[in-house]
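One letter stands for each residue in the lines below.
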Amino acid sequence: MKYTIIGAGIGGLTTALAFEKKGVEYQLFEKAPKINEVGAGIWLAPNALQVLEYLNVFNRVKSKGNSIDRITLGKADLSPLSDNYQDLVKDTFGYTTIAIHRAELQKILLEEIPQEKIFLGKSFQSFEKLNSGKIKLKFEDNSTSETDFLIGADGIHSKIRKQLFPESKTRYSEQTCWRGVANITLDKEFENRGMELWGNQIRFGISKIAKDKVYWFAVVLDKPNQKDDNDVIKQQLLKMFNSFHPLVHNLIKATPKINILRNDINDLKPLDNWSKGNICLIGDAGHATTPNMGQGGAQAIEDAYYLGNLIGKNPNQNVFELFQKKRQSKVNTIVKQSWTTGKMAHWKYGTNIRNFLLKHMPKKIMERKMMEMYHIEKIH
Ligand SMILES: Cc1cc2nc3c(=O)[nH]c(=O)nc-3n(C[C@H](O)[C@H](O)[C@H](O)COP(=O)(O)OP(=O)(O)OC[C@H]3O[C@@H](n4cnc5c(N)ncnc54)[C@H](O)[C@@H]3O)c2cc1C
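This text gives an overview of the structure that appears in the document.

## Things to note about unusual backbone geometry
Of note, the phi angle at Asn56 is positive, near 65°, even though the residue is not glycine. Take Asn56: it is sitting in the loop between helix 2 (46-54) and helix 3 (58-64). We note that Asn225 has phi near 60°; this positive angle belongs to a residue other than glycine. Structurally, Asn225 can be placed in the loop between strand 16 (213-221) and helix 7 (233-240).

Right, dumping it as structure tokens:
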């Protein structure tokens, strides 16, 4: 049985690795001519790390990233609203969240996959179900390929999803986000911390990702599809965040403007089904979430783990419905919670009540929810 994965993002690459581990026959097509994830950092939460450990790449990820041992949600001046030391997480899993440059993560994953199974510069256009039960894939360069099963890992704007479920809808959160990597040495007290500072309908996140490299993100409310003037973007960000802690200003100043990316924040209205027949969606293609819980990539990585193992255990069976059963409830909870967190961060009714609620959120409940999110069922 041959599987075809479309998209070599975090989800597609990790699925390829999971297939390697289980000896599943597959090929992977990616539209970009080169795998070269630019720009920003990513937090890999312990649920993602358990999968990467299972796939034997954890040590490389750890050596290229930075451990986050304390997560602070603070006011604009960095005074904490909630301060979460990750001791329980470390005691349970042996590690905490790792922040890493996306390019490093992609490189590590890519290097583990036999290059003859990856086809770059191949932009998927459409699929056709054949009478034989196979699927015929068409690419933008007019080439074709046949497969038994198709996995859409082609991101939030997935063409496979649009053909499979034309009624599916992305949702704009009314928030836009700039991300950057500053060349700066953080003071020791900030080195192993993930920090998110919430101002009045505006927020800024910070974490070190490697020696003298600090990843930051800045989120504000805006209309969708706005364009930046690159020559003044740093001045504009400095102005927007002028009431924030001086560290924020230093980070913006220490970022080459070429390293500042902007993305509108969208998610996908939860789908009833992630698959139809022998075609299945994973990662952002099937269940994109807003990034407020730092879980979109982690959920794509979890998908790879469950899918690889279900196929490994049932090699002659279509496991896509089983896969959805295992995953959908957790994913939908994250999508919902992340959306609500984003709304709370940019609350329109002033910061006092919001900050009071955050400060008095019962620690035990938050900890329990976090540990549930980090849990992975051992199915291998
Ligand atoms: C601002 C921001 C911050 C985030 N921070 C975090 C975080 O800290 N932690 C976390 O876990 N997640 C985070 N995420 C979410 C995370 O980036 C995504 O969930 C993750 O990248 C999804 O992986 P994916 O492989 O499903 O899709 P993608 O990463 O989008 O990959 C899709 C791939 O498919 C390819 N493709 C698309 N169309 C075609 C086609 N027609 N033919 C062939 N190939 C195609 C693309 O080129 C791409 O390589 C964040 C997201 C945003 C926007």
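So, next bit.
## So, the site of the ligand
Not every one of the 27 residues close to the ligand is listed here, only the nearest: Gly11, Glu30, Arg102, Phe124 and Asp284. In the environment of the ligand, a nitrogen atom lies 2.9 Å from a nitrogen or oxygen atom belonging to the backbone of Phe124. Ala298 places a main-chain nitrogen or oxygen 3.0 Å from an oxygen atom of the ligand. Burial of the ligand by the protein chains amounts to 84% of its free accessible area of 1000 Å². For the shell around the ligand, the secondary-structure elements that each account for two or more residues are helix 1 (10-22), strand 3 (41-44), strand 13 (170-183), helix 9 (283-287) and helix 10 (296-313). Broken down by element, the shell around the ligand gets its largest block of residues, 3 residues, from helix 10. Each residue belonging to the shell around the ligand can be placed in one class, and the counts come to 10 nonpolar, 10 polar and 7 charged.

Criteria and thresholds
Residues numbered from 1 in each chain as written. Predicted model: local features only at pLDDT ≥ 70, side-chain atom pairs only at ≥ 80, totals over all residues. Heavy atoms only, no water. Helix = DSSP H or I, 4+ residues; strand = E, 2+ residues; numbered from the N terminus. Near = heavy atom within 4 Å. Polar contact = N/O pair within 3.5 Å; in protein donor to acceptor, adjacent residues only side chain to side chain. Areas by Shrake-Rupley, 256 points an atom, 1.4 Å probe, with all protein chains shown as cover. Nonpolar A, V, L, I, M, F, W, Y, C, P; charged D, E, K, R; others polar.

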